[in-house]
Amino acid sequence: MSEIWQRKMRTYFKVHDFNKDGYVGQERFVGLIRSLAGVLNAAPETREKVAEDMSKLWLKFMKAGDLKKDARLTATILIESMKQQLYDPEFILLGNAVVRGMFHMLDVSRDGYLQREEFETWIRGVGYPPELWDTQIAFDGIDANKDGQLSIDEFVRAFFEFFFSQDENSPSKYFFGQLVD
């Protein structure tokens, strides 16, 4: 996989590494969704469904890394695990369910679109320093039809482009914030 793809995966890891100790356990991995749901006062059934799907993704990471359920991921293990299962249909379905659930949690106005303010809540919800995440670039890049709001299709497309694209110029590379080195 390309260097840009590996940087994206390290960025994804960093979002989950709340205390910056270089490890992510299941509690932190699923905790991201619970944290976001709490910030947004998400419906309990949505929160629990997304958390359940995140737990299933966690188990897939552990299986690919030949690790026990209670083990912790490093960025290196995450990258190797992602390489092994990126094209696994079950993994893709789980990712799709998670990102759609996240969209519905972020859409606090319940109008079927994310406004810039709702998208910025994503940044606060994951605890990423806003000054390191250029929301203008990320939002504008995801907003494919340039109507000033994000549809679920635009959001899901950008999420999957983040994980699958190796295009250095794709604005979806900022889906989880500024890329780490």
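Right above here is the structure, for reference.
This report concerns the structure included in the present document. (Residues numbered from 1 in each chain as written. Predicted model: local features only at pLDDT ≥ 70, side-chain atom pairs only at ≥ 80, totals over all residues. Heavy atoms only, no water.)

## Some thoughts on the overall build of the protein chain
Inference 1: The helix and strand inventory of the protein chain stands at eight helices and two strands.
Inference 2: Helices and strands appear in the protein chain in the N-to-C order α-α-α-α-α-β-α-α-β-α.
Inference 3: The C-alpha atoms of the protein chain give a radius of gyration of 15 Å, which matches the 16 Å a tight globule of 181 residues would have.
Inference 4: Contacts spanning at least 24 positions in sequence make up 62% of the contacts within the protein chain whose residues lie at least 6 apart. (Helix = DSSP H or I, 4+ residues; strand = E, 2+ residues; numbered from the N terminus. Rg over C-alpha atoms; globule rule 2.2 N^0.38 Å. Contact = heavy atoms within 4.5 Å.)

## Looking at helix α1 (residues 3-16)
Inference 1: With 14 residues, α1 should cover 20 Å at 1.5 Å per step; its first-to-last C-alpha distance of 20 Å lies within 8% of that length.
Inference 2: The complete set of buried residues in α1 reads Ile4, Trp5, Lys8, Met9, Thr11, Tyr12, Phe13, Val15 and His16. (Expected span 1.5 Å × (residues − 1). Buried < 20%, exposed > 50% of the residue type's maximum accessible area, 1.4 Å probe, protein only.)

## Let's talk about the side chain of Ser170
Inference 1: Along the chain, Ser170 falls in the segment after α8 (152-164).
Inference 2: Ignoring sequence-local partners within four residues, the contact set of Ser170 consists of Glu161 and Ser165.

## Comments concerning the packing of aromatic side chains
Inference 1: Following the criterion strictly, the structure yields 15 aromatic pairs and no others.
Inference 2: On the numbers, 4.9 Å between centres and 65 degrees between planes, the contact of Phe162 with Phe176 is edge-to-face. Placement of Phe162 in helix α8 and of Phe176 in the segment after α8 is noted, with a sequence separation of 14 residues between them. Here Phe162 matches Phe176 in class, with each residue buried.
Inference 3: Look at Phe163 and Phe176: their rings are 6.0 Å apart centre to centre, the planes differ by 70 degrees, and that puts the pair in the edge-to-face class. With Phe163 in helix α8 and Phe176 in the segment after α8, this residue pair connects regions lying 13 residues apart in the sequence. Phe176 matches Phe163 in its accessibility class, with the two residues each being buried.
Inference 4: Taken together, the aromatic side chains of Tyr12, Tyr87, Phe103, Phe155, Phe159, Phe160, Phe162, Phe163, Phe164, Phe175 and Phe176 make up a single cluster linked through ring pairs. (Phe/Tyr/Trp six-rings, centres within 6.5 Å; stacked < 30°, edge-to-face > 60°.)

## Topic: helix α7 (residues 135-142)
Inference 1: Among the residues of α7, Thr135, Ala138, Phe139, Gly141 and Ile142 are the ones counted as buried. End-on, the buried residues of α7 take up no more than an arc of 165 degrees, which puts them together on one face. (Arc of directions from axis to C-beta.)

## Let's talk about the pattern of salt bridges
Inference 1: Scanning all chains against the criterion turns up eleven salt bridges.
Inference 2: In this structure, Asp21 engages Arg72 in a salt bridge whose closest nitrogen and oxygen atoms are separated by 3.9 Å. Taken together, the positions of Asp21 in the loop between α1 and α2 (26-40) and Arg72 in the loop between α3 (44-64) and α4 (75-85) put the pair 51 residues apart, joining distant regions of the chain.
Inference 3: For Asp21, a relative accessible area of 33% gives the class partly exposed.
Inference 4: Here Asp88 and Lys60 are joined by a salt bridge, their closest N and O atoms 2.6 Å apart. Of the two residues, Asp88 is situated in the loop between α4 and α5 (89-106) and Lys60 in helix α3; the sequence distance between them amounts to 28 residues.
Inference 5: Through salt bridges with shared partners, a single network forms among Lys60, Asp88 and Glu90. (Salt bridge = Lys/Arg side-chain N within 4 Å of Asp/Glu carboxyl O.)

## Thoughts on the packing of α5 against α8
Inference 1: Two elements in contact, α5 and α8, have axes whose closest approach is 10 Å; the angle formed by their N-to-C orientations is 135 degrees. Overall, the two elements α5 and α8 adopt an arrangement that is oblique. Like other packed secondary-structure pairs, α5 and α8 cross with a definite hand, here right-handed. Contacts from Ile92, Gly95, Asn96, Val99, Arg100, Met102, Phe103, His104 and Leu106 of α5 reach α8 at Ile152, Asp153, Phe155, Val156, Phe159, Phe160 and Phe164.
Inference 2: Within the contact of α5 with α8, the residues separate by chemical class into eleven nonpolar, three polar and two charged. (Axes fitted to C-alpha atoms, helices over the stretch in contact; angles between N-to-C directions. Parallel < 35°, antiparallel > 145°, perpendicular 65-115°, else oblique. Left-handed = near helix turned anticlockwise from the far one by under 90°. Nonpolar A, V, L, I, M, F, W, Y, C, P; charged D, E, K, R; others polar.)

## Description of the side chain of His16
Inference 1: By the secondary structure assignment, His16 is in helix α1.
Inference 2: In terms of polar contacts, His16 uses its side chain to reach the side chain of Tyr12, at 3.5 Å. (Polar contact = N/O pair within 3.5 Å; in protein donor to acceptor, adjacent residues only side chain to side chain.)

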